[in-house]
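Below are the chains, spelled out letter by letter.
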Amino acid sequence: MKADSRIIAFIMIFAILFGLLFWFFDAALEFYYIREYFHSLIYYYPDSFLESLVFRVSSYSLFTRLLFLIGCIAGGMIVSFYVIRNIESKKALIQSEGRLKAIINSAFDAKILIDREGKILELNDKAALYFKKPEDELIGREVYSFFSGDRHEKRKSQIAEVISSKKPLQFDEEFEDHFYRLIFYPVIDENGKVSAVATTLRDITPEKRAEMEISESREYLALAMASAGISIWEMWEKQKKMIVINSDEISGGYGNKKKEDRYREFWNSVHPDDRDMIGDALQDHFSGKTENYSALYRMKDPKGDWIWVNSFGRVIERDEAGDPVKMIGIRVDVTNLHNYREAVIKANRKLNLLSEITRHDILNQVTAIRLSEEILLSEDHVNRNSEAWDLFEVIFKATGMIEKQISFTKDYQNLGIDSPKWQMMSEVMKEIDKEAALMNVRLYDYTGGLEIYADPMFEKVLFNLVENSYRHGVAKNLTAKYELNDNWCTLILEDDGSGIEEEIKDRIFDRGFGKNSGLGLFLAREILDITNIRIRETGIPGSGARFEILIPKEAFRESKE
């Protein structure tokens, strides 16, 4: 601002001095050259130059001098205005160029401006870094000189195409293990001709590699989904809308098929007998009764065949009232697994029938041996002091053990016949309490709303533990409770009996260990292992037994009802 004021002051002073100079010369001219002439005509004209310069001036000369002086001042003001405006324009231009240069240099891309012949007019710091030369050495050089072989001719033809078509050109290329995106943009002047070409060179190596990795991951995911028969689904409950994404939609065509609403198509494809079950499972999850939605049901495939699918999901978005808005999940084709399971169950049932028949036949033979024993004892066929009697006694004891073991297997013949299921512990404990009352054992149940996913014979396992407490520990009171942590639920059964000696704690679950069949606790452990449940004894000898059943996170839940 100070510099502008100085320029204006200088121009105005110069204009005023120029006007005064004219005034002086005009006065001198009038005084020296035409004084005699005016003396002959006008007697009052001044006799001295000073009077002619300032004081006694003719009206004509005064008007001329004042007009010229005003003209000089006005001209000085006009010149000052245009000079200052020009200076400000140059400053604005310099400032704008500086800002533009800063913006261009701050870009992550290399930017080059070249003329029609391919000579570099301007470039930013990233371009100089790319060419590995300072900016002053690059200005004026042909950009083609930095490319060799096919790239040299390729760049020439690309820039010529942009100049002739007046359309931008964009493409990607790989060079020296890097990926670059080149953009040629025509700069059109006021005559409509391409005066220059703006070039942008962008290193897209990270994006390309990420894109390749994503594409590869999607291919792996699609392969895994196709191999496992998995599809992904999203559902909007209020809008009654559902989209299903299959493996082929992951690897290609995803964007178009993702928008297809398959809500009605889904419900129409579900087996009529399974629709209520799916609805109940959804409502349990919507109400918060279950943490996740899970359902096993039948539905028609595109060929019209019935298949078994297992669907899992979870609500991921709720409205202000807590009602479900959006839900996501997966659907797994388990037809083969279900068929194998049914085949195994059918085989187990046949084996179970065979076992029952065999057990019946063996018990019939045992009964015959028992009758023979009674006849021998009642009629004194064998002398009790003879060696033959010792052999008979071994036979009778072995027969009794066979009878016990065969009778024991009857209780566990249904092991593995039915699938694991969710069992409410309070209901299970009610049934066990009925059996415990017959043994004069009082059961205190504190399991509340705990549910456990276990084999249907889980109740038999718990009863076996109660029976052990009564038979071996002479317990009168039994307590059932549970404790929770981040990954486990511990179901605890503890009594007030004599407990288990420290030295045999690790052996009580071994096969054959015990006073009876030696299979009770062993089979209890095996039944629990079907659903990855573990068992251990942690009681203090003399203070009662304490059985801890460790249930993994996926095999327990708490009912909120």
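Small disclaimer: the values here were computed from a predicted structure and weren't measured.

Visitor: Help me understand the sheet that holds strand β10 (residues 324-333), please; the structure alone is not making it clear to me.
Guide: Strand pairing in a sheet takes place through backbone hydrogen bonds and is either antiparallel or parallel in direction. Reading across the sheet, the 5 strands line up as β7-β6-β10-β9-β8 and stay open at both edges, with antiparallel pairing between neighbours. The open sheet has two free edges, formed respectively by β7 (241-245) and β8 (293-300), since each of these has just one partner strand. Strand-to-strand twist in this sheet, taken as the mean axis angle between neighbours without regard to direction, amounts to 25 degrees. When strand β9 (residues 306-318) meets β10, the two strands line up antiparallel, connected through 9 bridges. Following the sheet pairing, S311 is matched in β10 by R331. Each of β6 (230-236), β8, β9 and β10 touches helix α12 (residues 275-286); the most contacted strand, β8, lies at about 155 degrees to it.

Visitor: How should I be thinking about the nonpolar core in this particular structure?
Guide: By size, the foremost hydrophobic cluster in this structure holds 38 residues, and its most contacted members are I452, F458, L462, L491, I549 and I551. At the level of secondary structure, the elements contributing two or more residues to this core comprise α15 (425-438), β13 (450-454), α16 (458-471), β14 (477-484), β15 (488-495), α17 (520-529) and β17 (546-552). In terms of residue count, the dominant contributor to this core is α16 (6 residues). What L462 contacts, discounting residues up to four positions off in sequence, is M425, V428, M429, I432, L491, L493 and I549. Grouped together as the second largest cluster of nonpolar side chains are 23 residues, A110, I159, V194 and V197 included.

Visitor: Just to check I follow, could you spell out the side chain of D495 for this structure?
Guide: The residue D495 is located in strand β15 in this model. For D495, a relative accessible area of 8% puts it in the buried group. There is a polar contact of 3.0 Å between the side chain of D495 and the backbone nitrogen of G497. A distance of 2.8 Å separates a polar atom in the side chain of D495 from the backbone nitrogen of A545. Aside from chain neighbours lying at most four places away, what touches D495 is S469, A475, N477, L478, S543, G544 and A545.

Visitor: What exactly am I supposed to notice about helix α7 (residues 150-165) here?
Guide: Owing to its 3.6 residues per turn, the α-helix brings residues three or four apart onto one side. In this model, α7 (16 residues) spans 22 Å end to end at C-alpha, consistent with the 22 Å of a helix rising 1.5 Å per residue. Taken together, the buried positions of α7 are R151, R155, Q158, I159, V162 and I163. One side of α7 holds all its buried residues, which, seen down the axis, span an arc of 135 degrees. Exposed residues lying more than 90 degrees from the buried face of α7 are D150, E153 and S164. Buried residues belonging to α7 abut β1 (110-115), α5 (125-131), β3 (169-175), β4 (178-188) and β5 (194-203). Just downstream of α7 lies K166, where phi reads positive at about 60 degrees.

Visitor: When you look at empty space enclosed by the protein in this model, what are you seeing that I'm missing?
Guide: Over the atoms rolls a probe the size of a water molecule, and in doing so it shows where empty space is left. Scanning the model with the defined rule gives 3 cavities of 30 Å³ or more in all. Of the voids in this model, the largest cavity is the one considered here, and its volume is about 150 Å³. What lines the largest cavity is a set of 15 residues, among which V143, F147, R155, L182 and T199 lie closest to the centre. Within the residue set of the lining of the largest cavity, elements represented by two or more residues are β1, α5, α7, β4 and β5. A per-class count over the lining of the largest cavity returns 11 nonpolar, 1 polar and 3 charged. Roughly 70 Å³ of volume is contained in the second largest cavity. As for the second largest cavity, its lining consists of W233, M235, M242, F266, W267, I278, L282, Y293, Y297, S311 and R331. Taken together, the elements giving at least two residues each to the lining of the second largest cavity come down to β6, α11 (263-269), α12 and β8. Tallied by class, the residues present in the lining of the second largest cavity amount to 9 nonpolar, 1 polar and 1 charged.

Visitor: What's the story with the sheet that holds strand β16 (residues 534-537) in this structure? I'm lost.
Guide: Ordered by their spatial adjacency, 5 strands build an open sheet running β12-β14-β15-β17-β16, and the pairing between neighbours is mixed. A strand with exactly one partner marks an edge of an open sheet, and here the two such strands are β12 (442-445) and β16. Taking the axes of each pair of neighbouring strands and ignoring which way they run, one obtains an average angle of 20 degrees across the sheet. The pairing of β12 with β14 spans 4 bridges and is parallel. In the strand pairing of β14, L443 is matched with L478.

Calculation rules
Residues numbered from 1 in each chain as written. Predicted model: local features only at pLDDT ≥ 70, side-chain atom pairs only at ≥ 80, totals over all residues. Heavy atoms only, no water. Pairing = 2+ DSSP bridges. Helix = DSSP H or I, 4+ residues; strand = E, 2+ residues; numbered from the N terminus. Axes fitted to C-alpha atoms, helices over the stretch in contact; angles between N-to-C directions. Contact = heavy atoms within 4.5 Å. Core = buried A, V, L, I, M, F, W, Y, C linked by side-chain atoms within 4.5 Å. Buried < 20%, exposed > 50% of the residue type's maximum accessible area, 1.4 Å probe, protein only. Polar contact = N/O pair within 3.5 Å; in protein donor to acceptor, adjacent residues only side chain to side chain. Expected span 1.5 Å × (residues − 1). Arc of directions from axis to C-beta. 1 Å grid on protein atoms, 1.4 Å probe; cavity = no way out; pocket = protein on both sides within 12 Å on 5 of 7 lines; lining within 4 Å. Points joined across faces, edges and corners; volume = space filled by probe spheres on them. Nonpolar A, V, L, I, M, F, W, Y, C, P; charged D, E, K, R; others polar.

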